[in-house]
Every structure is written in structure tokens, then in C-alpha cells.
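Spelled out, the chains give:
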Amino acid sequence: MTTNSECFFAKIRTYTELSKEAEQAWAALLRRKAYLKDEPFIVAGDVPTHYAFVVEGLFYQHYVGPGGDMIVKYFFPENRIAASVSATLLGEPSRFTITAIEDSTVLEYEFAAFKKLVAEYPEIAAFYIRYMERHWIVEKEPDEISFRHDDAMKRYRDFIRRQPDLHRRLRQHHIAGWLGITPESLSRLRKAIALGRM
């Protein structure tokens, strides 16, 4: 039977190899925690101190827009690290809330303790750089460009194509919040796709 920490380090090794010493030091920081559906991991206005590797379940990063509507910034399914990165780095209140969409299990670790490992172990530093580059720069930049130049239908079709499993797990208002449209508008897009009109 595979343990949670084995799943965690199997994922870490897809970015870089870890020495036994580095893995043991990082493993000592991990704390298993369960979140119920709709339970927050980070609340907007709080200063976050932990990152959470999603072992099982799904989270989303969101905030309330000027008109009172929910705006979704990011989804964190299994094998992703959920965090309010800039707030944690700066030690400032988070502008976002991160909430469980499903009953979820995570491995949490304190960011300050992790940063000490980054300074001590070059392989953990290599992981940190590669993970941030891939998920917070390379993956996010096309989405930011798409939101400026593509209409909702193209963004929705691209999302279904790139994330079919995630699409099936999300509720309609989560997808609408990520696309920046109302649930009613999303219903119209779905109907148009079903009818082959767009």
C-alpha cells in the first residue's frame, strides 16, 4: 500500500532527484490533514504560513469581485501544491481564499521551515525553482493572455480539451467563476456546444 508521503515524494522526483537526507528532512515537516467539502485551507485576510500538497481531493483559489461575484483564480487537484504564494512569501494577508471543493486529504508543511531546507539542500532548491517556474509562470502566462484576447467560448473549449477530468469534477459556478462569466452564460455555452453551433 502506498502511503501519502510516498505519493508526495514520487511527485517531487518528477522535478528533481532527492538525496535520502533531503527527503528525510522534508518528510519530518509533513503533517497529514483532512478538509471537508467547502472547508477553507486559507481565508482571505489571514497571513498564510503553510503550503499543502493535495493527496486526494480538489481545492480552488477564489475571491469576491467588485460586483460581489465569485472570481476563481486557480484549481488545485491531486498532486498539486495549494498555496497563496505571494502572501506567504511576503508574510502579508492573502487576497484570496482557498477552499476544498471535495472532501480532501493534504500533506501540509510550514513554509518558513521549508525555506530553511531550500537553503540547506541544493536538490530541494532545484525542486522549488522548477515547480515555481512550471506552475506559476509557464502554465499561468498563457491563461493570462487568453483572458485578454479570447472570448468565453474559446476559453471554455480550451479548458475542456486540456482538463477533461477536472472539468467533470467541477460544479457549474466554479467553472463560470474561472471563465469570468455567470452560470447562466455558461449554460448557454454548454447548450451551444451540445447543439454544435459554436
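Structure first, text after, so check above.
Draft legend 1. Spotlight on the sheet that holds strand S8 (residues 104–110). Taking strand neighbours across the sheet as the criterion, the four strands line up as S1-S8-S3-S6 in an open arrangement whose pairing is antiparallel. The sheet is open, and its two edges are formed by strand S1 (31–35) and strand S6 (81–82), each paired on a single side. Alignment of strand S3 (residues 50–56) against S6, held across two bridges, turns out to be antiparallel. Across the sheet, residue Ala-52 finds its bridge partner in S6, namely Ala-82. Docked against the sheet, helix H1 (residues 4–12) engages S1, S3 and S8, running at close to 70 degrees with respect to S8. With respect to the sheet, helix H4 (residues 111–120) is in contact with S3 and S8, its orientation differing from that of S8 by roughly 60 degrees.

Draft legend 2. Structural context of the packing of helix H7 (residues 152–162) against helix H10 (residues 183–194). Where H7 contacts H10, the two axes come as close as 11 Å, and the packing angle between them is 70 degrees. With respect to each other, H7 and H10 are oriented roughly perpendicular. Crossing handedness for the pair H7 and H10: right-handed. When H7 is examined against H10, the residues Ala-152, Met-153, Tyr-156, Arg-157 and Ile-160 are found in contact with a partner set consisting of Leu-186, Leu-189, Arg-190, Ala-192 and Ile-193.

Draft legend 3. Fine view of helix H9 (residues 172–179). With six of eight residues buried, H9 lies mostly within the body of the structure. Taken as a whole, H9 has its buried residues at His-174, Ile-175, Ala-176, Gly-177, Trp-178 and Leu-179. In the stretch just after H9, Gly-180 is the one whose phi turns positive, near 80 degrees.

Draft legend 4. Up close: the pattern of salt bridges. Scanning the entire structure with this criterion turns up seven salt bridges. In this structure, the salt-bridge partner of Arg-169 is Glu-102, at a minimum N-O distance of 2.8 Å. Here Glu-102 lies in the loop between strand S7 (97–100) and S8 and Arg-169 lies in helix H8 (residues 164–169), a separation of 67 residues in the sequence. Using a relative accessible area of 28% as the deciding quantity, one classes Arg-169 as partly exposed. Residue classification places Glu-102 among the partly exposed positions, given a relative accessible area of 23%. Between Asp-158 and Lys-154 there is a salt bridge; the shortest N-O distance is 2.9 Å. Of the two residues, Asp-158 and Lys-154 are both situated in helix H7; the distance of four residues between them amounts to about one turn of the helix. Overall, Asp-158 belongs to the buried group, its relative accessible area being 16%.

Calculation criteria
- Residues numbered from 1 in each chain as written.
- Predicted model: local features only at pLDDT ≥ 70, side-chain atom pairs only at ≥ 80, totals over all residues.
- Heavy atoms only, no water.
- Pairing = 2+ DSSP bridges.
- Helix = DSSP H or I, 4+ residues; strand = E, 2+ residues; numbered from the N terminus.
- Contact = heavy atoms within 4.5 Å.
- Axes fitted to C-alpha atoms, helices over the stretch in contact; angles between N-to-C directions.
- Parallel < 35°, antiparallel > 145°, perpendicular 65-115°, else oblique.
- Left-handed = near helix turned anticlockwise from the far one by under 90°.
- Buried < 20%, exposed > 50% of the residue type's maximum accessible area, 1.4 Å probe, protein only.
- Salt bridge = Lys/Arg side-chain N within 4 Å of Asp/Glu carboxyl O.

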